[in-house]
Structure formats: structure tokens, C-alpha cells
Amino acid sequence: MRARRAVLPAVALLVALTAGCAHHDGASPTTPAVSGTPSGYAEMQKKVNAAESAAASADRDAASDTDR
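First, a word on what this report is: a plain description of the structure on this page. Being a predicted model, the structure only gives us computed values, none of them experimental.

Cut-offs applied
Residues numbered from 1 in each chain as written. Predicted model: local features only at pLDDT ≥ 70, side-chain atom pairs only at ≥ 80, totals over all residues. Heavy atoms only, no water. Helix = DSSP H or I, 4+ residues; strand = E, 2+ residues; numbered from the N terminus. Buried < 20%, exposed > 50% of the residue type's maximum accessible area, 1.4 Å probe, protein only. Areas by Shrake-Rupley, 256 points an atom, 1.4 Å probe, with all protein chains shown as cover. Salt bridge = Lys/Arg side-chain N within 4 Å of Asp/Glu carboxyl O.

### Comments concerning the overall build of the chain
Point 1. If you tally the helices and strands in the chain, you get two helices and zero strands.
Point 2. Counting only residues that meet the buried cut, the chain has 9% of its 68 residues in that class.
Point 3. On the chain, roughly 5,700 Å² of surface is accessible, and the fraction owed to carbon and sulfur atoms is 60%.

### Concerning the pattern of salt bridges
Point 1. Counted according to the given criterion, the structure contains one salt bridge.
Point 2. The shortest N-O distance in the salt bridge between K47 and E43 comes to 3.8 Å. Of this pair, K47 and E43 are both found in helix α2 (residues 41-67), four residues apart, which corresponds to roughly one turn of the helix.
Point 3. Given the relative accessible area of 36%, K47 is considered partly exposed.

Here you go:
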């Protein structure tokens, strides 16, 4: 359970930093047509999936530590 407590804040920090450090150009004079998904969505989804995978792995490790 300790590993999970340590991983969750790390995952939240990763998501916050990724969102906060994303490149923003501000308003542009020629705004492109709005699509169904924002620019960079696929890469962000990969990062979220990796973070969730790391959290799940930490959960499995913590569970196996308590079984011993």
C-alpha cells in the first residue's frame, strides 16, 4: 500500500507537469477548424497510459510484498 501512496502523487505530478509545460502559442490570427481531438492528444494519451501502467505495476508489487 505504501508503494501506491508514493506512485499516485508522482502520477499526478507527471500529468500536471505535462499539461503545464505544453507549448502554447496563444491566439493566432488564423484559427484552424476545430477537430474532434486537440493537437497532441495522441501523445498525451500515451503518457497517461504509461502512468496508469506504472501505477498498476506498483500496485502489483505492493500486493506481492504483503503476501510474503
